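Spelled out, the chains give:
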Amino acid sequence: MSASDDDVGGAPERDWEEVQSGPEFTELRRRLRVFVFPLTAFFIVWYLLYVLMATYAPAFMATPVFGNVNVGLVFGLLQFVTTFVITGLYARYANRRLDPIADKLRHELEETK
Amino acid sequence: MTPASLVLADTGTITEINPVLNMSVFGLFVLVTLFIVFRASRNTKTAADYYAAGRSFSGPQNGFAIAGDYLSAASFLGICGAIAINGYDGFLYSIGFLVAWLVALLLVAELLRNTGKFTMGDVLAFRMRQRPVRAAAAIATLAVSFFYLLAQMAGGGSLVNLLLGIEGDVGQNVVIAVVGVVMIVYVLIGGMKGTTWVQIIKAGLLIGGVLVMTVWVLALHGFNLSELLADAASRPDGKGEALLAPGAQYGETWLTKLDFVSLGIALVLGTAGLPHVLMRFYTVPTAKEARRSVVWAIALIGLFYLFTLVLGYGAGALVGADEINNAPGGVNSAAPLLALALGGPLLLGFIAAVAFATILAVVAGLTITASASFAHDVYVNVLRRGAGNQVNEVKVARITALVIGALAIAGGILAKDQNVAFLVALAFAVAASANLPTILYTLFWRRFNTNGALWSMYGGLGTALVLIVFSPAVSGSETAMIPGADFALFPLSNPGLVSIPLSFLLGWVGTMLSSERNPKKQAEMEVRSLTGVGAEKAVAH
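Residues numbered from 1 in each chain as written. Chains lettered and ligands numbered in written order. Predicted model: local features only at pLDDT ≥ 70, side-chain atom pairs only at ≥ 80, totals over all residues.

Heads up, the rule is: UniProt positions are given in the numbering used here, feature names are shortened, and annotations may be inferred rather than shown by experiment.
Looking up chain B in an unreviewed UniProt entry gives the name Cation/acetate symporter, with the organism given as Nocardiopsis composta. Per its UniProt entry, chain B bears the Sequence similarities (unreviewed entry) comment "Belongs to the sodium:solute symporter (SSF) (TC 2.A.21) family." Quoted verbatim from the Subcellular location (unreviewed entry) field of UniProt, the annotation for chain B is "Cell membrane".

Here it is, written out as structure tokens:
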């Protein structure tokens, strides 16, 4: 179905490379990448740190923090916290900084058939 | 084997497990969902209806359906049991399963929704040579779905043992077959819309039931987590203080430690490569709704895993390791036994029905994904070169669903004594090795081409499968699938540590060795993936 040629938004002969190199699209792509790439690197490293600590430093993880709750449990629960926070941050960022440009570009491209 | 009705005898509170009650609650669930599936099927006409539910679900609805698809028997029974017996190490699974969703949220969900139609193959075929990449994507999809299906059906087998008091091979096989047939009916009649509704209902029941049990367990311990942990650690039959720290299960040698790191990597990178997860993003009308559905899914799945932490330690404290290990179904019986200890046979009946519903819903989701991949990628685009019409395509998908359903029943009967969580971990490793590198390269790397995709997919899939065959999980140990033989040349039971980086590397090498470039298609794909221009619209009925 070669990307469903029958329902492509613009005319088949549209110059997609021109759109791709245009200032608005470049800005949209930049905004997406400067946000998601560092965050992805962060949560992968943060998660791997957790896995490695749990595997190779169990004694440290067993250190009590309060009552029977130890460092390992707190560290694990913090993984939940960071996952929820990153989800919230991304949703907010996408709604405010990505959607407006993406919507504008989409309308422009779909109108100029 | 201990008869199910005597499981709790040694606590002095002999509570009969009531198979009739359990079956009735489950039967009620099947009747209600079948009714909904029939109603939902009235509008299923086109391929978009059958595979993608007309793209008409809202973000929150799809979020519930994703949770329903993802919170499988391995998550519920497996993790509760692992925490009850091995304590902290079971918790590590749930963290990997949850954090993995960030890969889907940040890198995959929206871009995939904007560029594909029904399957992973659609996205790859956008800018690469169609027939080879679709064939590869379909093979990878079928392989991952097969492992995942086996895990679910194996879980079904051990559940039957415990919950229905049915012993002996014949009885269990009959129940597995009944579960398989009901699932096939859902998929054949309801398509994606019916399947999605089954998953939404199941997710609601599962999370609701687990919430009630969590509050109950916490209430028994004065809403004090520390006190619950103390009770679990002070049981004489458990692992004591070792339950509270990592290492009870994986900390033996440097190899078991490395194996755990390998598992951790497979878990976090596997989710965004699971075909049945990817396909769920096509059931919503826009990329924005795909984003909302992942946000909802993360909230629901995260809460669920927090609950299982309490339930796992609760089962360790209130039921105890001895009873769990000696119960039919073994480790997997921790959550049902906890329900029995808390609320008696009625709560057990409810939890049992939810657990069955869980297996049913997940298996249905896998079956529709595998059949879509075969019908859409292989039949229409590879064999018929795009000439098949939609009516034919849906017909082929239904026949494929029937075949896969039959295979799942047969596989479930053969695999029913296997370790559920282990089989799921393998499915994750295969998904992360075969699918994820290609998906990420396709979406983010301009130079990527057909050759790179084929090297990465076949290389990743092949390496993962070969390493599994020669792993200690298959032979060479008492707990292996084939305990008698020993051809375990590869020391790790999870291949992720080797096969995932290798697949990324092969994708890069394969790309560089080929001169194929397609800047026009890449430009079109990138613009469409970020803006949603020309994305598949919802079907209006």
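### A few points about the overall build of chain A
To keep it simple, the criterion reads: Strands here mean DSSP runs of E at least two residues long; helices mean DSSP runs of H or I at least four residues long; both are numbered from the N terminus. Labels follow a simple rule on C-beta atoms placed from the backbone: if 20 or more others lie within 10 Å of a residue's own, it is buried; if 12 or fewer, it is exposed; otherwise it is partly exposed.
Per the secondary structure count, chain A includes four helices and two strands. Walking chain A from its N terminus toward its C terminus, one meets helices and strands in the order α-α-α-β-β-α. Across the 113 residues of chain A, 28% fall into the buried class.

### With respect to the overall build of chain B
As a reminder of what qualifies: Computation of the radius of gyration draws on C-alpha atoms alone. For the globule rule, the value is 2.2 Å times the number of residues to the power 0.38. Our contact criterion uses C-beta atoms placed from the backbone: two residues qualify when those atoms are within 7 Å.
Helix and strand counts for chain B come out as 20 helices and zero strands. Relative to the 2.2 N^0.38 estimate, which gives 24 Å for 541 residues, the radius of gyration of chain B is 23 Å and therefore close to what a compact globule would have. Seen along its three principal axes, the alpha-carbon backbone of chain B occupies a region of about 75 × 55 × 45 Å. For chain B, buried positions account for 66% of its 541 residues. A separation threshold of at least 6 residues defines the contact pool for chain B, and within that pool the share at least 24 residues apart is 81%.

### Details of the UniProt feature "transmembrane region" (unreviewed entry) in chain A
Residues and elements named next belong to chain A. Sequence positions flagged by UniProt for "transmembrane region" (unreviewed entry) are, in local numbering, residues 34–57 and 69–91. Helix makes up 96% of residues 34–57 and strand 0%, with an end-to-end C-alpha separation of 33 Å. The distance from the first to the last C-alpha atom of residues 69–91 is 32 Å, and the span holds 91% helix and 9% strand.

### Focus on the nonpolar core
All names here are of chain B. Which entries qualify depends on this criterion: The term nonpolar core refers to a set of buried Ala, Val, Leu, Ile, Met, Phe, Trp, Tyr and Cys residues connected through C-beta atoms within 7 Å.
By size, the foremost hydrophobic cluster in this structure holds 231 residues, and its most contacted members are I301, A315, L338, A427 and V430. The leading source of residues in this core is helix α14 (residues 334–383), at 32 residues. Sequence-distant contacts of L338, that is, excluding residues within four places in its chain, are made with M213, L311, G314, A315, L318 and V319.

### Points about the interface of chain B and chain A
Quite often, the size of an interface is put as the accessible area lost when its parts meet. Quick reminder of the rule: Here the term charged refers only to Asp, Glu, Lys and Arg, the term nonpolar to Ala, Val, Leu, Ile, Met, Phe, Trp, Tyr, Cys and Pro, and the term polar to all other amino acids, Gly among them.
Taken together, the 48 residues of chain B in the interface contact 51 residues of chain A. At ten residues, helix α5 (residues 88–115) of chain B tops the list of elements feeding residues into the side of chain B that touches chain A. Taken together, the residues of the side of chain B that touches chain A break down into 30 nonpolar, eleven polar and seven charged.

### Topic: unusual backbone geometry
With the exception of glycine, the majority of residues adopt a negative phi angle, and the majority of peptide bonds are in the trans configuration. A positive phi angle, near 50 degrees, is found at B:A53, a position not held by glycine. Looking at where B:A53 falls in the secondary structure, it is placed in the loop between α2 (47–52) and α3 (59–70).

### Notes on the packing of helix α2 (residues 23–56) of chain A against α5(B)
What counts here: A fitted line through C-alpha atoms represents every axis, and for helices the fit uses only the stretch in contact; the resulting angles, taken between N-to-C directions, go from 0 to 180 degrees. Relative orientations are named as follows: roughly parallel for angles under 35 degrees, roughly antiparallel for angles over 145 degrees, roughly perpendicular for angles from 65 to 115 degrees, and oblique for any other angle.
Relative to each other, α2(A) and α5(B) sit at 170 degrees, their axes nearing to 10 Å. Classed by the angle they form, the pair α2(A) and α5(B) counts as roughly antiparallel. Listed contacts from α5(B) to A:V36, A:L39, A:T40, A:F43, A:Y47 and A:A54 of α2(A) are B:L92, B:V99, B:L102, B:L106 and B:L107. Grouping the amino acids of the contact of α2(A) with α5(B) by side-chain chemistry returns ten nonpolar, one polar and no charged.

### Quick notes on helix α1 (residues 19–40) of chain B
All names here are of chain B. The criterion, for reference: Multiplying 1.5 Å by the helix residue count minus one yields the expected span of that helix. In this context, the arc is that of the directions from the helix axis out to the C-beta atoms.
Over its 22 residues, α1 runs 31 Å from end to end, which matches the ideal 32 Å to within 8%, given 1.5 Å per residue. Of all the positions in α1, only N22, F26, F29, T33, V37 and A40 are classed as buried. Buried residues of α1, seen end-on, are gathered within an arc of 75 degrees and therefore sit on one face of the element. Structural note: α1 exposes V20, G27, L28, L31, V32 and F35 on the side pointing more than 90 degrees away from its buried face.

### So, helix α18 (residues 450–469) of chain B
An ideal rise of 1.5 Å per residue puts 28 Å on 20 residues; α18(B) measures up with 28 Å between its terminal C-alpha atoms. The buried fraction of α18(B) amounts to 15 of the 20 residues, a majority that puts the element mostly inside the structure.

### Focus on the environment of B:F35
Tracing the backbone through its elements, the reader meets B:F35 in helix α1. C-alpha of B:F35 to C-alpha of B:I66: the two residues are 31 residues apart in sequence and 21 Å apart in space.

### Some points on the packing of α18(B) against helix α19 (residues 496–512) of chain B
Residue and element names in this part refer to chain B. Cut-off, in case you're wondering: The hand of a helix crossing depends on one turn: near helix anticlockwise from the far one by less than a right angle means left-handed, and clockwise means right-handed.
Relative orientation of the contacting elements α18 and α19 amounts to 155 degrees, with a least axis distance of 7 Å. Overall, the two elements α18 and α19 adopt an arrangement that is roughly antiparallel. Two packed elements cross with a definite hand, and for α18 against α19 that hand is right-handed. Packed against α18, whose contacting residues are N451, G452, L454, W455, S456, G459, G460, T463, A464 and L467, the element α19 presents V498, S499, L502, S503, L506, G507, W508, V509, G510 and T511 at the interface. The residue makeup of the contact of α18 with α19, split by class, is nine nonpolar, eleven polar and no charged.

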